[in-house]
Amino acid sequence: MKINPFLDIAPEVAGALAERRPVVALESTIISHGMPYPQNVETARQVETAVREKGAVPATIAILDGRLKIGLSADEIEVLGKAGTSVTKVSRRDIPFVVAGKSHGATTVAATMILAAMAGIKVFATGGIGGVHREAQQTFDISADLQELAKTPVAVVCAGAKSILDLGLTREYLETLGVPVIGYRTKMLPAFYTGESDFDVDYTLNTPEDIARVLHTREILSLEGGTVIANPIPPEFAMPRETIDNAIEKALLEAVANGIAGKATTPFLLSRVCELTGGNSLASNIQLVLNNARLAADIATALSKM
């Protein structure tokens, strides 16, 4: 594998990869743009701990001073957490600019997949993937996450697509791109804050080993692209569907009224939904990320044995 001169792999992560031990990639926009300090730092540490408790090595990914970091120290997580939204939110298009400018960048799902693949990490845990935004028929606002899933060989464990999106169009777009959507012990696509939606998945698998077997087979077949593993939020942490739908509708109207568009849309909507639900959506968000991290660690462990 060609060595990337901008890539810094933390010693613990490098050792695990060299020894074929399980590693789980984690994104960093949840730290900088997902919630306020110090809760963002505390959550990042909780997620890393959840991965470790399952016997895998966490690799939180970000760009710091222009370096592609695969695995962050506690101090580096603190830097991102304190800097918050002043850190550039990085997708595929932004990577060379942040690297060339020797600045900081928090990686989205798309950018995390790219950097994880560079390092040889095959499994990634996040909250929810991006997708097709509502009214995309007019705005053409479609997350770069979906195109990345079509080309980059990383499995993404998530609680479905963020429910602020158009789940039907997101589902159709993934199908068009040939991205398989696996439901973990579910036949329907989870809707982030709730485990229910009106849309199905491609296949339902009931164990991490079954999922790992499919991922291993895809790799042997040299099939391009990644896999979505949709893991419903645990029922005890899920929000009533009507409550979250009403909050999202109100937040969407406010975003339009305030002229909010592009990459600012998702952070605004998630923040506003949190306010409208009295913080309950943030609590659910944290729990679903932890749940995804645990499943990702189990899948990575099973995959490392194949």
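Residues numbered from 1 in each chain as written. Predicted model: local features only at pLDDT ≥ 70, side-chain atom pairs only at ≥ 80, totals over all residues. Heavy atoms only, no water.

Peer 1: I keep staring at the overall build of the protein and nothing clicks. Help me out?
Peer 2: Along the backbone of the protein there are 13 helices and eleven strands. A compact globule built from 306 residues would reach a C-alpha radius of gyration of about 19 Å, and the protein, at 18 Å, matches this within 12%. Dimensions along the principal axes, computed over C-alpha positions, put the protein at roughly 50 × 40 × 35 Å. Expressed as a percentage of the 306 residues in the protein, the buried residues total 55%. (Helix = DSSP H or I, 4+ residues; strand = E, 2+ residues; numbered from the N terminus. Rg over C-alpha atoms; globule rule 2.2 N^0.38 Å. Buried < 20%, exposed > 50% of the residue type's maximum accessible area, 1.4 Å probe, protein only.)

Peer 1: How should I be thinking about the environment of methionine 118 in this particular structure?
Peer 2: Structurally, methionine 118 is set in helix H6 (residues 109-119). Methionine 118 sits in the partly exposed class, given a relative accessible area of 28%.

Peer 1: Which parts of the structure should I look at to understand the pattern of salt bridges?
Peer 2: Side-chain pairs of opposite charge can arise whenever the charged atoms involved come near each other. Scanning the model with the defined rule gives 18 salt bridges in all. Between glutamate 19 and arginine 21 there is a salt bridge, with the nearest N and O atoms lying 2.7 Å from each other. Where arginine 134 meets glutamate 249, a salt bridge forms, and the shortest distance between an N and an O atom there is 2.8 Å. Here arginine 134 is found in the loop between strand E7 (123-125) and helix H7 (136-139), whereas its partner glutamate 249 is found in helix H11 (residues 241-257), with 115 residues between them in sequence. For arginine 134, a relative accessible area of 25% corresponds to the partly exposed category. On the basis of relative accessible area, glutamate 249 is assigned to the partly exposed category, the value being 42%. In this structure, a network of salt bridges that share partners links the residues Asp8, Arg67, Lys69 and Glu76. (Salt bridge = Lys/Arg side-chain N within 4 Å of Asp/Glu carboxyl O.)

Peer 1: What exactly am I supposed to notice about the nonpolar core here?
Peer 2: By size, the foremost hydrophobic cluster in this structure holds 92 residues, and its most contacted members are Val24, Ile70, Ile95, Ile121, Ile129 and Leu149. Per element, the largest residue contribution to this core is 13 residues, and it comes from helix H13 (residues 280-304). Excluding anything up to four places from it in sequence, valine 24 contacts Val51, Ala56, Val57, Pro58, Ala59, Ile121, Val123, Ala125, Ala296, Ala297 and Ala300. (Core = buried A, V, L, I, M, F, W, Y, C linked by side-chain atoms within 4.5 Å. Contact = heavy atoms within 4.5 Å.)

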